[in-house]
Amino acid sequence: MPDEPAASGSADGHAVLGSPTASYSSHAFQSHPAQPNLPASSSNSPNALDPSRPSISSSSSPPRSSTEVDLAGNISPSSAARWRNSLPPAARGPDVVSVAQSESITVVEPSFDESVLRALCELDCGVPLLLDRIKQSMVSCREASVFFKKRAALEEEFGKGMQKLAKSTAEVYAMNDGKAGSFVSAWQTTMKIHEIIAENRLRFALRLNEMSEELGNLAKEVDKNRKATKDLATRYERNLQDSEVTTEKSKTRLDTTMEELDRILLQKEGEPAKDSVIQGRAPAGGKRAIGKAVAKGGLLLKGKNPGNIQRQEDDIRARVQASSQAYHKSVQETQGLRQEYFNFQLPRILRALKECADEIDLGTQYHLTRYAFLYESIVLSDGSTLAPAGIEDGPGLKPTIESIDNRSDFKVYMQNYAYAHGGVARGPRRTGPEHEGFLPPLPQHVDRVNPNPHGANTPSSGHSQLPDRGKPTFGVDLAEQMARDGVEVPAIMVKCCEAIERHGIQTVGVYRIGGTMSKVTRLKEKLDKDLDSVNLDAEEWAGDISNVTSVLKLWLRELPEPLLTMHLHQGFLDAARIENDRLRHIRLHERVNDLPDANYATLKFFMGHLYKIAQYEAQNSMSIGNLAIVFGPTLFPATAPNGANGQDGLAGATIQNKAIETVLEHYTDIFIDESEAA
């Protein structure tokens, strides 16, 4: 139970009541209705009518609640505590109706409308008026709480639905054969923007649920205080009414006894009882009371003995004196209770009810204002997410969509498609027998330095043919040719990579720009027949290093088993789909370690070569990402092992490229041991 408020008298005869002012915050509402003890009678509250008690002027301020919260959020002892501590011990307690005279104490809170309290005190219906007003405010508060709860459910459903849609769409697109390049980047950014909006909506729903719960608690607390204050007012009113009924009964007994005394005096003097005298002293009870008095008077007239009459007179006089004392005592008690009720308790009750009404009204308005602010903030947040003001806040949705470069995406797709299907004949044949309607082939170029017109179209020409050494390289199983040649890394890869590092490591677009098809075919034939006799440092090949890079990519594509193997293909894809960079690196490292020895050694050498190429990105414009785009379709199989994905060409291009990019980025962690690094 909080400290009881203090009441005081005012110039108009009504008390200016000090009651706790409910402190309000965004998370808690506290109401402290005044509940003073009900005095049984004026004897239990002897100071109620003491004229020597100092009255408190209407300009003084009531004590506030037991605690107050300052602007910094710190809880400090309230003025109520300080006010009560300043009183002498005898004056403290719940029934305090006065305070010591002190100019430093003020009782009227500047924020409280004292004129409203005066007007309520003058109304006969002040208490029911405030009780009905609080009921209306509670209905409004509960309606706002229900609205916030339902709105929170809508926002939560919308946020979770959009979040699920954005994530599932991004995952499904990564598994399907969609466009790559700038489109997939814009698509992923678009899904992330939708996820951000969904997260904002979920936070908004959380705040709405909090406000709904706070308003519900506020309505319950105010309803509890309203009922307690109503019960208190009812007790005071009933006590006053009972005292008035008791006073009326005492007055009736006094009038009846006085009527008996008049009749016995008339009998003693020998005068007849006259109706006028009886009517002059008629009690307030009317004809019924007069009849009783006459009946009793009639009984008195029966005794003619003067001694009996004297004894009856003495007895009636004693009864009159006792009735008179009881009546005056009842009048004093009733006046005391009436003065205490109208001057002290009624203003206190009215003030407590008015503060309950103010508390729930202000609390409801505060949360509605907070809702408006949050709603405005969430809309502005969505707008800033879709169209940010600065570059540092992100690209925004419209610029992201406009960043799609379909022309460049198609060029990259065409190049990768040609790399993946360069050796597969599709569509109508270009050449064939003349009797089937094919045009004759164009004449071959004649070497002007050593002309040989007869040997130009002869297969036995010594210049265009090399002896077959019996060690083919293209289309031969990787482990088989390495075991055959007794090497740890295929000789063709070592030969081509070293030449590329010597003559093309700074060439712009190395590995991205393809060579001349005729020269690539001729170099392939030479390497396949006699690898050791081919000099890649010759001007013919060093002058245009793209022919060497194309031959190396062609050798990788024509391996019977891809370098990253069909068996581990799905494992690499699953690892590359992991969003967490560290976990993706670990899983891909595990898949690399699962490769056969021949494949692992070849991949280690080739990744080291590409890692060197990427170090010259400033000169050759081939970053790790660009190299991953080139070799994603080359190192992985063109189709899934079981054909479940139905992918070809750019099958899972985005995921494959991500796998190669991650391996290149962590090349030293995956392949280089501490002993090798030292």
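Computed from a prediction, not measured in an experiment: that's the story for all the values here.

Asker: Is there a simple way to explain the overall build of the protein in this structure?
Answerer: Scanning the protein from terminus to terminus reveals 22 helices and two strands. For the protein, the residues scored as buried account for 40% of the 678 residues in total. Taking the contacts inside the protein whose residues are at least 6 apart along the sequence as the reference set, 79% of them involve residues at least 24 apart. When the accessible area of the protein is evaluated, it comes to approximately 37300 Å², of which 53% is carbon and sulfur surface.

Asker: Looking at this structure, how should I read the pattern of salt bridges?
Answerer: A pair can form between side chains of opposite charge whenever their charged atoms are brought close. Within this structure, the stated rule accounts for 23 salt bridges. With a shortest N-O distance of 2.7 Å, Arg338 and Glu244 are connected by a salt bridge. Here Glu244 lies in helix H4 (residues 182–269) and Arg338 lies in helix H7 (residues 306–386), a separation of 94 residues in the sequence. Between Arg319 and Asp315 there is a salt bridge, with the nearest N and O atoms lying 3.9 Å from each other. Of the two residues, Arg319 and Asp315 are both situated in helix H7; the distance of four residues between them amounts to about one turn of the helix.

Asker: I tried to follow the environment of Tyr413 on my own but got confused; where do I start?
Answerer: By the element assignment, Tyr413 lies in helix H9 (residues 406–420). Linking Tyr413 and Ala653, residues 240 residues apart in sequence, is a C-alpha distance of 9.9 Å.

Asker: Sorry if this is basic, but what is going on with helix H20 (residues 653–665) here?
Answerer: Each α-helix winds once per 3.6 residues, and so residues spaced three or four apart point in a common direction. Compared with the 18 Å implied by 1.5 Å per residue over 13 residues, the 18 Å span of H20 between its first and last C-alpha is a close match. For H20, the set of buried residues is Ala653, Ile655, Gln656, Asn657, Ala659, Ile660, Thr662, Val663 and Leu664.

Asker: How should I be thinking about the state of the cysteines in this particular structure?
Answerer: By definition, a disulfide links the sulfur atoms of two cysteine residues through a covalent bond. The full count for this structure, using the stated rule, is zero disulfides. No disulfide involves Cys496; its sulfur sits 6.9 Å from that of Cys497, the nearest cysteine. The class of Cys496 is buried, set by a relative accessible area of 1%.

Asker: What exactly am I supposed to notice about the nonpolar core here?
Answerer: Here is a general trend for soluble globular proteins: nonpolar side chains tend to be buried in one another's company. Ranked by internal contacts, the top residues of the largest apolar core, which has 62 residues, are Tyr511, Phe606, Met607 and Leu635. With residues near it in sequence (within four places) discarded, Met607 still touches Leu635, Val663, Leu664, Tyr667 and Phe671. Formed by 36 residues, the second largest nonpolar core is a distinct cluster that contains Leu130, Met211, Tyr236 and Ala357.

Asker: What am I meant to see in unusual backbone geometry here?
Answerer: Apart from glycine, the bulk of residues carry a negative phi angle, and the bulk of peptide bonds sit in the trans form. Despite not being glycine, Tyr511 shows a phi value in the positive range, around 75°. Structurally, Tyr511 can be placed in the loop between helix H11 (491–503) and helix H12 (517–529). Using a relative accessible area of 0% as the deciding quantity, one classes Tyr511 as buried.

Asker: Mind showing me how you'd approach the packing of H11 against helix H14 (residues 546–557) here?
Answerer: Helix-helix packing is characterised by the crossing angle of the two axes and by the distance between the axes. Across the interface, H11 lies against H14 with an axial gap of 10 Å and an inter-helix angle of 150°. Taken together, the axis directions place H11 and H14 in an arrangement best described as roughly antiparallel. The hand of the H11/H14 crossing is left-handed. Only Val548, Thr549, Leu552, Trp555 and Leu556 of H14 make contact with H11, whose side of the interface consists of Ile492, Met493, Cys496, Cys497 and Ile500. Class assignment of the residues belonging to the contact of H11 with H14 gives a composition of nine nonpolar, one polar and no charged.

Asker: Hey, could you run me through the confidence of the model for the protein in this one?
Answerer: Fine structural detail should not be taken from predicted coordinates in areas where pLDDT scores are low. The pLDDT averaged across the protein works out to 74; a share of 67% of its residues lies at or above 70. Mean pLDDT per element in the protein: strand S1 (residues 67–69) is the minimum at 36, and helix H17 (residues 597–615) is the maximum at 94. A low-confidence stretch, residues 1–110 stays under pLDDT 50, and its non-local contacts, those more than four residues away or across chains, total 219 contacts. Note that residues 643–651 has pLDDT below 50 and, in this model, 20 contacts with residues that lie over four places away or in other chains.

Asker: How do you make sense of the packing of H12 against H14 when you look at a structure like this?
Answerer: Running from N to C, H12 and H14 point in directions that differ by 60°, and their axes come no closer than 9 Å. By the angle class used here, H12 and H14 are oblique. In terms of crossing hand, the pair formed by H12 and H14 is right-handed. Here H12 contributes Lys519, Val520, Leu523, Lys524 and Leu527 to the contact with H14, which in turn contributes Asn547, Val548, Ser550, Val551 and Leu554. By residue class, the composition of the contact of H12 with H14 is six nonpolar, two polar and two charged.

Criteria and thresholds
- Residues numbered from 1 in each chain as written.
- Predicted model: local features only at pLDDT ≥ 70, side-chain atom pairs only at ≥ 80, totals over all residues.
- Heavy atoms only, no water.
- Helix = DSSP H or I, 4+ residues; strand = E, 2+ residues; numbered from the N terminus.
- Buried < 20%, exposed > 50% of the residue type's maximum accessible area, 1.4 Å probe, protein only.
- Contact = heavy atoms within 4.5 Å.
- Areas by Shrake-Rupley, 256 points an atom, 1.4 Å probe, with all protein chains shown as cover.
- Salt bridge = Lys/Arg side-chain N within 4 Å of Asp/Glu carboxyl O.
- Expected span 1.5 Å × (residues − 1).
- Disulfide = S-S within 2.5 Å.
- Core = buried A, V, L, I, M, F, W, Y, C linked by side-chain atoms within 4.5 Å.
- Axes fitted to C-alpha atoms, helices over the stretch in contact; angles between N-to-C directions.
- Parallel < 35°, antiparallel > 145°, perpendicular 65-115°, else oblique.
- Left-handed = near helix turned anticlockwise from the far one by under 90°.
- Nonpolar A, V, L, I, M, F, W, Y, C, P; charged D, E, K, R; others polar.
- pLDDT = per-residue confidence, 0-100.

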